[in-house]
Amino acid sequence: MNKIKVLSEEVSNRIAAGEVIERPVSVVKELVENSIDAASTKITVNLEKCGKKLIQVIDNGCGMSEDDALQCFERHATSKIRTVSDIFQISTLGFRGEALPSIASVSYLTLITRTDDSDVATKVEFRTGQLSNYEKASANIGTNIVVRNLFSNVPARKKFLKTDNTEYKHILNYMHYQSILHPEIHFKLISNGNERINYPAVESKEDRLSAIFGSDFLKKELIDLKITQNDLSISGFIAGLEEEQGSLFDFHYIFVNGRYVKNKIVYHSIKSAYEPFIKKLRIFQQGKLPPFIIFLEVDPQLVDFNVHPAKLEIRFVDSSRIHQFVKNSIYQSLLNYEDNKYAKIKNVLSNNLSFAPVTKIEEKIFTSRTDKKRVKDIQKKIDDVQLEIFPKKHIPEQPQNQIYKAGMNIYLRPEEDIVNPWQLHQSYIFIQVEEGLIIIDQHAAHERIIYEKLIHRIHGAPSETQKLLFPIVIDIPPYLSHLIPDLISENMLDFQKVGFSIKTFSGNSVVIDEIPAELRDWEGGDVFIEILKTLQDEFAVKEDFRDSIAKSVSCKAAIKAGEKLSKKEMLNLINDLFACDVPYFCPHGRPLIIKMPLSDFEKKFKRIM
């Protein structure tokens, strides 16, 4: 007796239903997507008991002919695919041809549909997979599908459904996904007779987002994302880097070619782009990300939507390219956002810190801070000196008159235009600017400066070292010896680029005779052990030696909190900081500069409300 049998149509449909129809939202998804593909401009979803009792989807799309109304309940029947090559160029939402027969096999289903070239509609009824009625009917152009008693014949599946609130939330989220993707469609959702969603058609995604998330949605700190690179493009909105996000923390939407998807590659690329910026945020420390709505467009031949029957999971032909594109796009947008936020301040500081060295006359004019009459006296004295040296007709324009003009400019500049930094607790540098106040963490700022210098050296810039008076032997402690010796021996060249000259390496001992120029306090070699400790921790997290060694050295070489700085040292630090590629965060992602608007102070003192 043969053991292998061909499954009956009923069993096949139930298996397909188990793959495609997991819960009420699966039915809503399949029916709504068919309505979208039918060029509908209005789609209404009606629920009872969160879809467990009733799901009705009504649209005003193109409808189906009488023949198609019957044919669509055959397995693998679809209008979206004709050849094998079509599978790899999917541009529609419903294409597998299993949705309607799968739904019909686990429910009581009624379909009423009419095309614009027909005066009557076609009505088809199925009862748990069996055709029970077929007749002509009266209806508007479009399709109306009613699904009752879902999983009534599959009690095992029914018992796995969650609470009504949970099932409803899945449907609500799905309706929001499609509403965002298709602002040109009027979406309505009715649950137990109550209207829950009513989003009339609008012209743009921005208008639809405002309808969903509130009229002030676009007023929040969101970064508009729009980048194209050959056959890839990305658009949408990503949250900025401030804490005041409130309810915005609820959405993380990824859309690929007009589909809401869950994809680890894209999600990881977003996380990687944010990582250098947001370690300061509590939400990131909790393992979450700020909100984002990402629309990614990819050549259909480069993405496979047919990985899973529910079509939520996708696979890219070149995952690494997609990852790099998304990561770079979001990273650059975040960096531009920070640049723009501090652009005016950066310009003011750069202009104020780029003067030529002050001459004695300039210093005298500046420090005297007397009235304009005193300045005229100084000008007269300069003229008198010139007349003693040169005949009047040979008085040169250079350099005395230029010195006078420079001194005059400094003297006449308002006090508030001069950068005048001061320290708080010998840890934070305060600078008054036109918009209010900026505060710089001196250790984090110096750490960023040194880190970028070391990264540039690792990638080819000349190394800067200081030679030790006597070479020093350093014994690596046992708790570091498991990983560190191999790291040193395998990355000797990078140690050298950073500024360490390690002459010999034997067992757990190293001999060093040159160290990076930035290491001001060598502490008899103890700092090297501290660097190795930090390196071990950094490398364990990121497994990128070059980045890890740069972070480790910069942390130990940087000015410490509690270290008193002269005004000149503070100005030099500020100048060097704003010359950095990323002057807003330390190498570990913590903020190093904060802007406090004048309005914040005015609110605190109740000057404004």
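Enquirer: Explain the pattern of salt bridges to me, using residue names and the numbers behind them.
Expert: The full count for this structure, using the stated rule, is 20 salt bridges. Ionic pairing is found between Lys533 and Glu530, a salt bridge with its closest N-O pair at 3.1 Å. Taken as a pair, Lys533 and Glu530 lie in helix H19 (residues 526-542) at a separation of three residues, close to a single helical turn. Since its relative accessible area comes to 27%, Lys533 is described here as partly exposed. In this structure, a network of salt bridges that share partners links the residues Lys49, Lys52 and Asp164.

Enquirer: Any chance you could break down H19 for me, citing the residues and the numbers?
Expert: Each turn of an α-helix holds 3.6 residues, which means side chains three or four residues apart point in the same direction. Over its 17 residues, H19 extends 25 Å from the first C-alpha to the last, a length consistent with the 24 Å expected when each residue adds 1.5 Å. Taken together, the buried positions of H19 are occupied by Val527, Phe528, Ile529, Ile531, Leu532, Thr534, Leu535, Gln536, Glu538 and Phe539. Immediately downstream of H19, the backbone of Glu543 shows phi near 55°, a positive value.

Enquirer: Would you mind going over the packing of aromatic side chains in detail, with residue names and values included?
Expert: As enumerated under the stated definition, the model contains 16 aromatic pairs in all. Where Tyr177 meets Tyr253, the ring centres are 5.2 Å apart and the plane angle is 80°; that geometry is what we call edge-to-face. Residue Tyr177 is located in helix H7 (residues 164-181), and its partner Tyr253 is located in strand S11 (residues 252-256); the two are separated by 76 residues in the primary sequence. In terms of burial, Tyr177 and Tyr253 fall into one category: buried. Aromatic ring contacts, followed pair by pair, group Tyr177, Phe213, Phe251, Tyr253, Phe255, Tyr260 and Phe295 into a single cluster.

Enquirer: Describe the nonpolar core, with residues and values.
Expert: Val32, Met175, Ile270, Leu296 and Ile330 are the most contacted members of the largest nonpolar core, which has 110 residues in total. Ignoring anything within four residues of it in the chain, the contact list for Val32 reads Ile43, Val45, Val57, Tyr174, Met175, Gln178 and Phe187. Counting residues in hydrophobic clusters, the runner-up holds 35 residues, among them Leu468, Ile472, Leu487 and Leu532.

Enquirer: Give a detailed account of the pairing of strand S8 (residues 194-199), specifying residues and quantitative values.
Expert: As judged from the five bridges shared by strand S7 (residues 186-191) and S8, these two strands associate in the antiparallel manner. In the strand pairing of S8, Lys188 is matched with Asn198. Adjacent in sequence and paired antiparallel, S7 and S8 are bridged by two residues, among which Asn192 carries a positive phi angle near 50°.

Enquirer: Please set out the sheet that holds strand S20 (residues 501-506) residue by residue, giving values where relevant.
Expert: Strands sit in the order S19-S21-S20 across an open sheet of three strands; the sheet is antiparallel. Looking at strand neighbours, the two that pair on one side only are strand S19 (465-475) and S20, the edges of this open sheet. Going across the sheet, the axis of each strand differs from the next one's by a mean of 10°, ignoring polarity. When S20 meets strand S21 (residues 509-516), the two strands line up antiparallel, connected through five bridges. Across the sheet, the residue bridging to Ile502 is Ile512, located in S21. Here H19 sits on the sheet in contact with S19, S20 and S21, set at roughly 75° to S19.

Enquirer: Any chance you could break down the layout of surface pockets for me, citing the residues and the numbers?
Expert: Its boundaries defined by the atoms lining it, the largest pocket holds a volume of some 970 Å³. Lining of the largest pocket is provided by 34 residues; of these, Pro276, Tyr451, Lys542, Asp547 and Lys551 occupy positions nearest its centre. With six residues, the single largest contributor to the lining of the largest pocket is helix H9 (residues 264-278). A class-by-class count of the residues in the lining of the largest pocket yields eleven nonpolar, eight polar and 15 charged.

Enquirer: Which residues make up helix H16 (residues 442-458), and what values do they have?
Expert: Compared with an ideal rise of 1.5 Å per residue, which puts 17 residues at 24 Å, H16 spans 24 Å between its outermost C-alpha atoms and is within 8% of the ideal. Most of H16 is tucked away, with 15 of its 17 residues classed as buried. Taking the backbone nitrogen of His443 as reference, a side-chain oxygen 3.1 Å away marks Asp441 as the first, capping residue of H16. In the segment just after H16, Gly460 is the residue with positive phi, at about 125°.

The rules behind the values
Residues numbered from 1 in each chain as written. Predicted model: local features only at pLDDT ≥ 70, side-chain atom pairs only at ≥ 80, totals over all residues. Heavy atoms only, no water. Salt bridge = Lys/Arg side-chain N within 4 Å of Asp/Glu carboxyl O. Helix = DSSP H or I, 4+ residues; strand = E, 2+ residues; numbered from the N terminus. Buried < 20%, exposed > 50% of the residue type's maximum accessible area, 1.4 Å probe, protein only. Expected span 1.5 Å × (residues − 1). Phe/Tyr/Trp six-rings, centres within 6.5 Å; stacked < 30°, edge-to-face > 60°. Core = buried A, V, L, I, M, F, W, Y, C linked by side-chain atoms within 4.5 Å. Contact = heavy atoms within 4.5 Å. Pairing = 2+ DSSP bridges. Axes fitted to C-alpha atoms, helices over the stretch in contact; angles between N-to-C directions. 1 Å grid on protein atoms, 1.4 Å probe; cavity = no way out; pocket = protein on both sides within 12 Å on 5 of 7 lines; lining within 4 Å. Points joined across faces, edges and corners; volume = space filled by probe spheres on them. Nonpolar A, V, L, I, M, F, W, Y, C, P; charged D, E, K, R; others polar. Polar contact = N/O pair within 3.5 Å; in protein donor to acceptor, adjacent residues only side chain to side chain.

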